[in-house]
There are 2 protein chains.
Amino acid sequence: MSAGGEHAQVAVIGAGVCGLSCASALAKAGVPVAVFEQARGPGGRMSTRRQTLETGEQLRFDHGAQYFSAKDLAVQALVQEWVAAGVAAPWTPRLGTWEAGKGFVPEEADSKVRYVGVPGMNAICQHLSSQPGVSARLGTAVTGLEWRDGRWLLTGKDGAALGTYAALVVTDKNLASPRFSALNAGLPPPLESAGVPELFARVAAVSSIPSFALMLAFKQPLTQLPFDGLDVRNHKTLVWAGRDSAKPGRLKEPGAPECWVLHSNGDYAKRRVEEGPAGKPSAEWLGEIAEDMLAGFREIVPEMPEPLFARAHRWGGGFPAVAIANPGEACLWDESKRVAACGDYCLGPRVESAILSGLAAANKIFATRELLTLSKAHL
Amino acid sequence: MSAGGEHAQVAVIGAGVCGLSCASALAKAGVPVAVFEQARGPGGRMSTRRQTLETGEQLRFDHGAQYFSAKDLAVQALVQEWVAAGVAAPWTPRLGTWEAGKGFVPEEADSKVRYVGVPGMNAICQHLSSQPGVSARLGTAVTGLEWRDGRWLLTGKDGAALGTYAALVVTDKNLASPRFSALNAGLPPPLESAGVPELFARVAAVSSIPSFALMLAFKQPLTQLPFDGLDVRNHKTLVWAGRDSAKPGRLKEPGAPECWVLHSNGDYAKRRVEEGPAGKPSAEWLGEIAEDMLAGFREIVPEMPEPLFARAHRWGGGFPAVAIANPGEACLWDESKRVAACGDYCLGPRVESAILSGLAAANKIFATRELLTLSKAHL
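It should be emphasised that the depicted structure is a prediction, and the values quoted were computed from it without experimental measurement.

### Section: the sheet that holds strand β12 (residues 161-165) of chain A
Residue and element names in this part refer to chain A.
- Here 3 strands make up an open sheet; going across it, the order is β10-β11-β12 and the pairing antiparallel. One side of each edge strand has no neighbouring strand; the edge strands of this open sheet are β10 (142-148) and β12. Strand-to-strand twist of the sheet, defined as the mean angle between neighbouring strand axes without regard to direction, takes the value 20°.
- Sheet topology places β10 next to strand β11 (residues 151-156); 6 bridges connect them, and they run antiparallel. Looking at β11, one finds that W147 is bridged to W152.

### Section: the relation of the copies chain B and chain A
- Rotating chain B by 180° and moving it 0.0 Å along the rotation axis overlays it on chain A with an RMSD of 0.0 Å. In symmetry terms, the pair is related by a two-fold rotation axis. No C-alpha of chain B approaches the rotation axis more nearly than that of G328 of chain B, which lies at 2.3 Å.
- With an isologous cut-off of 70% or more, the 100% of interface residues of chain B that recur at the interface of chain A puts this contact in the isologous class.

### Overview of the domain arrangement of chain A
Residue and element names in this part refer to chain A.
- With domains assigned, chain A is organised as domain 1 (1-49 + 121-206 + 322-379) and domain 2 (89-119 + 208-320).
- Using C-alpha coordinates to define each centre, domain 1 is positioned 30 Å away from domain 2.
- Counting the surface lost from both domain 1 and domain 2, the interface buries some 1300 Å², and carbon and sulfur atoms represent 60% of this.
- Area buried by domain 1 at its contact with domain 2 is led by R45, R49 and M121, which between them contribute 41% of it.
- Our count for the domain 1 to domain 2 interface comes out at 1 residue pair in polar contact (both at pLDDT 80 or more).
- Residue assignment for the side of domain 1 that touches domain 2 shows that the elements contributing at least two residues are α3 (122-129), α4 (178-183) and α8 (344-347).

### A look at the interface of chain B and chain A
- Each partner contributes to the interface: chain B provides 22 residues, whereas chain A provides 22 residues.
- Taking both partners together, chain B and chain A bury about 1700 Å²; carbon and sulfur atoms supply 55% of that area.
- If you look at where chain B meets chain A, you find 0 salt bridges.
- The interface formed by chain B and chain A holds 6 residue pairs in polar contact (both at pLDDT 80 or more) in total.
- Contributions of two or more residues to the side of chain B that touches chain A are made by α1 (17-28), α2 (73-84) and α9 (351-366) of chain B.

Quick notes on the rules
- Residues numbered from 1 in each chain as written.
- Chains lettered and ligands numbered in written order.
- Predicted model: local features only at pLDDT ≥ 70, side-chain atom pairs only at ≥ 80, totals over all residues.
- Heavy atoms only, no water.
- Pairing = 2+ DSSP bridges.
- Helix = DSSP H or I, 4+ residues; strand = E, 2+ residues; numbered from the N terminus.
- Axes fitted to C-alpha atoms, helices over the stretch in contact; angles between N-to-C directions.
- Least-squares fit on C-alpha atoms with pLDDT ≥ 70 in both.
- Contact = heavy atoms within 4.5 Å.
- Domains from an automatic or database assignment.
- Buried area = accessible area lost by both parts, 1.4 Å probe.
- Polar contact = N/O pair within 3.5 Å; in protein donor to acceptor, adjacent residues only side chain to side chain.
- Salt bridge = Lys/Arg side-chain N within 4 Å of Asp/Glu carboxyl O.

Structure below.
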């Protein structure tokens, strides 16, 4: 926990890049923030999965977002800070597309700058969560939200008191979803009973496209493949295949396995998720998914050797199918109760959209700062 | 001229805080910018006027903006940079109001944070104009704007070529005003013939309230007055009186004169400006204004001693009477010709509004960056 955590004025729920961009912008301006995250680490869909092979070798996979860009100046300024801090770097992959019947077509080089976290995508959220004034409370699910006497009162599992706050930012849309109940022993989604019906209804209406990631490691690099990132079209399971090990700052010891990440397409994932469990997925079921996706990749790359390691991950909340913000709006905001809802579902399913939505929420809260107690150092 | 000036991709006209906020944001993101300013120094209405008395003593007056605040997080982040760079500081003046028939009423202390430039208001624009990638071309009037072969071609007095640029930012609204002709030997306002009729019409329609500043210096501090800043209401000439020397970082040698700045009210200024010259005002005419305003101040402060120094300044362009931006819009933008018009007339007559409008223009231009040649270091 960083300094100032005990006196956090604002609670942010969700330690993905949206929540942490919001929190670190507020903290930089002198507003201490507590960030609650159900998972053990920050990152959300900008996480990096570590796996240790039986041989002791360490593998790392960016199993969520593959790269991101910065079209907005405010985001560009943040990205430059991350690059300067050594937690992000530009990536210039050899890109291509694969389409059934057409095969592989290389993409022309473009002027777009793509960035990744280094040494893994999660480095960015780890960096943001360790900023002064940001107190990351990992492994802490928020199960209750109550507006009482002009403050937000948060409770966790078994009724644990998680503090009171002058303002609240909800980035985890599960807090308005039946998925929350499935993942939390039948508890109702906390935003439903928080007394902000309009905001709840808008977040609850967000539809998502689920997704699976298949993490693959090969003993030898797939040097015969002339791409580092492949957009896959009209394929029965896949939409993306990326050579994770080609990203800057990855472990590249001689003889180290090469890591790849495949993403499923929406139709396949939707069908499998509808058939599958609502709660925690079983290893067996994920194994079936892995087999499907691996078979799909072999269709594209017939000469593919057997991987050393293959594991599927379900992104259940997945990627928003919508962008619900109105023109000129980048987050949802209830002024009377000082609660914002933000995420890539506001502006579109991109890392940059998530950041912009988080910054917009931070700005809404900063405008109420007469109601907050700021760090004296920032006056 | 800073590094990169020869290859500036964007031209900004006007080195006030709007134009320089725009330029420095672009430069920070790797887009080199040339900033053209007719005056000898940057600052616009955030300027500081130096005067040397016959005794050799130096006086400095913030004769334009008196202080500013930051309600927006992006502006707050900039202000924190300025404070860290030593060019801005918070100011906690004793404030009050004076109203005819009621006299002086002290204002309750509030939680609002007010900032000023140090050692003078102009320090902020000087700082911004010396950022890497910003090339300030002072004393350089732009008299012609032509869109030719997808570039903006700028010309100066006597047809001097001022370079070609991929994008253009106009912050000086005189470029769309008959005032331009009055100040430039009858030349037509350059934006009129620039081929952006809609943008021209919107800027040309901006109405302004002129203003006079009276700079006063007293041998002895006016210690008997219990305020550093006074909002004056229902007075025939004045709207503000401020003790400039009370601001942080001002020269405070023992025995140094105390500097004050008074601002005229809009009705008085409008009447005098309508009677007065369209071009450069005469010293005699400004002397009459100074007498009026000094008499007005004596009405408020009957015990006022004779000042050592009194000089009036006309802010002819003055302060916008309108905020012309549409909801969700913070600057005017013509996408097809990559030209932005920005200034405090978009969002309201405040320093913060000028900064936000300039940042919005920078963002519009940054979004076209595939058309720009960026510094390689920023890719």
